[in-house]
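Chains, contacts and geometry: an overview
Below, each chain spelled out in residue letters.
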Amino acid sequence: MHSRVTVSIVGLALVIACAQTPSTDTSNSSEQVRLPTGALLDPTGKSVPLGPLPLSLIPSPDGKHFVALLSGYRDNGVQVIDRGTGAVTEFRRQPAAFIGVAFSPDGKRLYASGGDDDAIYVYDWKEGSANIADTIFLAKKSKSGKRYPAGIAVSSDGRLIYAAENLGDSLAVVDVASGRVTQRLATERYPYAVVVSPDGTVYVSAWGGTTVSVFSQSNGTLVPAGRIAVGRHPSALLLNRDGSRLYAAQATIDRIAVVDTKLKKPIAQLADPSPSGPSEGSTPNALALSPDESRLFVAEADNNAVAVFDLTSNNLLGRILVEWYPAGVYATRDSLFVANAKGKGTAANPGGPNPLKGRGAARNYTLGQISGTLSMIELPGMSDLAPLTARVAHANGWDQPKRPASYPPIEHVIYIIKENRTYDQILGDLTQADGDTSLLFFPRSNTPNHHTLAERFGIFDRFFVNAEVSADGHNWSTAAYASDYVEKTVPLNYGNGGRTYDYEGTNRDKVPDDDVASPGSGYLWDLAHKAGITYRNYGEFVDPLDFDKEGTKAPAYEANKPNLVDHTNRKFPGYSLQVKDQVRADVW
């Protein structure tokens, strides 16, 4: 975890301390759990535990099992799940894993992407058991992944594997027999998912772009066949059976593009925002069709729900509540199966990071606490969706009456971002508030200024926050949203999974034209700029500039977002444990 102290004047609020730990709310149901986000978990159907961060879920060829790919901080690998009971029957640990998992057409092989190992792991599959048989390397092994396979798909004859190289900005074509990469074809930045049409056409989404790349067959090889503009940052892809329709999820703008593959253009956009909310925050990130292809099921990661769309009218029929951050979905005629990446959430972790004892065991670290779940749900008739939709609304607080806006006569707002401590760790000893002294790290004797500020200006002892660590925390704090890219890659970055720190304006250590991690609606400074509000920034989303090593020139810093460049103090440091707080105070 980074330990950053940054100050920004952006015109919103004064934040003095972070959140308390999650608590269990049993007012209506013993299953209801309050998440750190403030939302309730009140899941539909049966819930069974999985490993950390299952981001993919596929059925076995015989329909008796599911395979989930774990891409978490604590563990990476393949879990085999009994479809009838939900019990995990096998876990095959991998050195790395990310998004991609697929069966061969004959059902005898299982392929799993290996993330920063730049590998595809090959398993023999027999009677519900996966046993490692081979490893296909896409590049020479290095300290961190250069290709980073994400989504994978297999040709209809089983001879070829198509792998989206998430850090290589390319599609790799792999000959299964030899294990060699026979082709590499360019995509837009951060390719994510791969699907293959019955006619052999290959489609690849671009997490950091706006298009789906199309590759057609020609004399046994793939050739570029154009790109389909579907909208910003497409991720999950799904084809119908005959390949005439392609569905592309756009998580940061709450839309699903419906593409006519013959015309190579979108013919509809399914709108998936929360009621009366902005077009950001539902985070549609996984797709499944009903067997008759009349309905589309959409995992809404940040609504903790699955949306149901009627594809005749393209209307949203309703929602079904699951658990935290659904990221994989599969539908049968009468059942729905959902892999929830964050499962039942986190809890107080007194054995976790401690200033005297260090980080502690992996399971006690914030990201190490996260384990996924599988929701197993009997599908209702359409007439039964109304109460389930109301349940989703209640869990997310959408059914609460909106209060008329009322603001005190404030002229200036100072928004201070100070990281990495919960409410209880610093202010748990305030007797006039709802704290837990057993979680206290820094009592009043250590933090007199924090205590004085809290008592003088207000104690936010029931203030919930969405973030686990610095990376997603900076996005929640400056945009009220952490994108699907952020949520799915932060555990790997923090777990030494070979990814760069892409969460404060840079991608791969450079300032990009379009930041793959950025929210669809912009950051606080973008909204302030749009509203004509004056603002200044101190240390947030800045990068150090070169300066004279002899010390004749002072260090300087440059903002990496357009609407911050002319509003940033160039003398105020960004993150660095080498810079004393007094230096920052003097600049301020």
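One structure accompanies this document, and this report is about it. (Residues numbered from 1 in each chain as written. Predicted model: local features only at pLDDT ≥ 70, side-chain atom pairs only at ≥ 80, totals over all residues. Heavy atoms only, no water.)

1. A closer look at the overall build of the chain
Helix and strand counts for the chain stand at 8 helices and 35 strands. Against the globule reference of 25 Å for 588 residues, the chain gives a C-alpha radius of gyration of 24 Å, in line with a compact fold. Overall, the C-alpha framework of the chain stretches about 70 × 65 × 45 Å when taken along its three principal axes. Every one of the 588 residues in the chain was classed for burial, and the buried ones make up 55%. Relative to all contacts within the chain whose residues are 6 or more apart in sequence, the contacts with residues 24 or more apart total 53%. Working note: accessible area of the chain is about 25,400 Å², and carbon and sulfur atoms make up 51% of it. Measuring between centres, the 57 positive side-chain charges of the chain sit 3 Å from its 63 negative side-chain charges. (Helix = DSSP H or I, 4+ residues; strand = E, 2+ residues; numbered from the N terminus. Rg over C-alpha atoms; globule rule 2.2 N^0.38 Å. Buried < 20%, exposed > 50% of the residue type's maximum accessible area, 1.4 Å probe, protein only. Contact = heavy atoms within 4.5 Å. Areas by Shrake-Rupley, 256 points an atom, 1.4 Å probe, with all protein chains shown as cover. Lys, Arg positive; Asp, Glu negative; His and termini not counted. Charge placed at Lys NZ, Arg CZ, Asp CG, Glu CD.)

2. With respect to the side chain of glutamine 250
Mapped onto the elements, glutamine 250 comes out in strand S22 (residues 245–250). A relative accessible area of 1% places glutamine 250 in the buried class. Once residues within four sequence positions are removed from consideration, glutamine 250 is found in contact with Val230, Gly231, Arg232, His233, Pro234, Arg255, Ile256, Ala257, Gln269 and Pro284.

3. Focus on the environment of alanine 119
Mapped onto the elements of the fold, alanine 119 is located in strand S11 (residues 119–126). Classification of alanine 119 as buried rests on a relative accessible area of 0%. It is 5.4 Å that separates the C-alpha atoms of alanine 119 and isoleucine 136, two residues lying 17 residues apart in sequence. The residues touching alanine 119, leaving out its near neighbours within four places in the chain, are Ala112, Ser113, Gly114, Thr135, Ile136, Phe137 and Pro149.

4. Notes on the pattern of salt bridges
In this structure the tally under the stated criterion is 21 salt bridges. Linking arginine 147 and glutamate 165 is a salt bridge whose minimum nitrogen-to-oxygen distance equals 3.4 Å. With arginine 147 in the loop between strand S12 (129–137) and strand S13 (149–154) and glutamate 165 in strand S14 (residues 160–165), this residue pair connects regions lying 18 residues apart in the sequence. The exposure class of glutamate 165 is buried, given its relative accessible area of 0%. Linking aspartate 434 and arginine 462 is a salt bridge whose minimum nitrogen-to-oxygen distance equals 3.7 Å. In this pair, aspartate 434 is assigned in the loop between helix H2 (423–427) and helix H3 (448–457) and arginine 462 in the loop between H3 and helix H4 (470–479), connecting sequence segments 28 residues apart. Among the residues examined, aspartate 434 registers a relative accessible area of 42% and is labelled partly exposed. (Salt bridge = Lys/Arg side-chain N within 4 Å of Asp/Glu carboxyl O.)

5. Quick word on unusual backbone geometry
The phi dihedral of asparagine 219 falls on the positive side, at around 55°, and the residue is not glycine. With respect to the helices and strands, the residue asparagine 219 is situated in the loop between strand S19 (211–218) and strand S20 (221–229). A relative accessible area of 81% means that asparagine 219 is categorised as exposed. One non-glycine residue with positive phi stands out, namely asparagine 420, at about 75°. The topology assignment puts asparagine 420 in the loop between strand S32 (415–418) and H2. The buried category is assigned to asparagine 420, whose relative accessible area is 18%.

6. Examining the sheet that holds strand S31 (residues 373–378)
The strand order across the open sheet built from 4 strands is S4-S31-S30-S29, with neighbouring strands paired in antiparallel fashion. Looking at the sheet topology across the chains shown, the edges are occupied by strand S4 (46–49) and strand S29 (324–331). This sheet shows a mean twist of 25° between the axes of neighbouring strands, independent of strand direction. Across 6 bridges, the pairing between S29 and strand S30 (residues 335–343) is antiparallel. What sits directly across from alanine 331, in S30, is leucine 336. (Pairing = 2+ DSSP bridges. Axes fitted to C-alpha atoms, helices over the stretch in contact; angles between N-to-C directions.)

7. As for the packing of aromatic side chains
Here the structure, examined in full by the defined rule, presents 18 aromatic pairs. A network of ring pairs unites the aromatic residues Phe98, Tyr148, Tyr190, Tyr192, Trp207, Tyr485, Tyr501 and Tyr503 as a single cluster. If you follow lysine 342 out to its NZ or CZ, it ends over the ring of tyrosine 325, 5.6 Å from the centre. Positioned above the aromatic ring of tyrosine 190 is the side chain of arginine 508, whose terminal nitrogen or guanidinium carbon lies 4.0 Å from the ring centre. (Phe/Tyr/Trp six-rings, centres within 6.5 Å; stacked < 30°, edge-to-face > 60°. Lys NZ or Arg CZ within 6 Å of the ring centre and 35° of its normal.)

8. With respect to H3
For H3, the set of buried residues is His450, His451 and Ala454. Along the axis of H3, the buried residues cluster in a sector spanning 95°; they form a single face. Looking at H3, the residues exposed on the side facing more than 90 degrees away from the buried face are Asn449, Arg456 and Phe457. Of the surrounding elements, those touching the buried residues of H3 are S32 and H2. Positioned one or two residues after H3, glycine 458 has a phi angle of 135°, which is positive. (Arc of directions from axis to C-beta.)

Shape is all these values report; function is a separate question.
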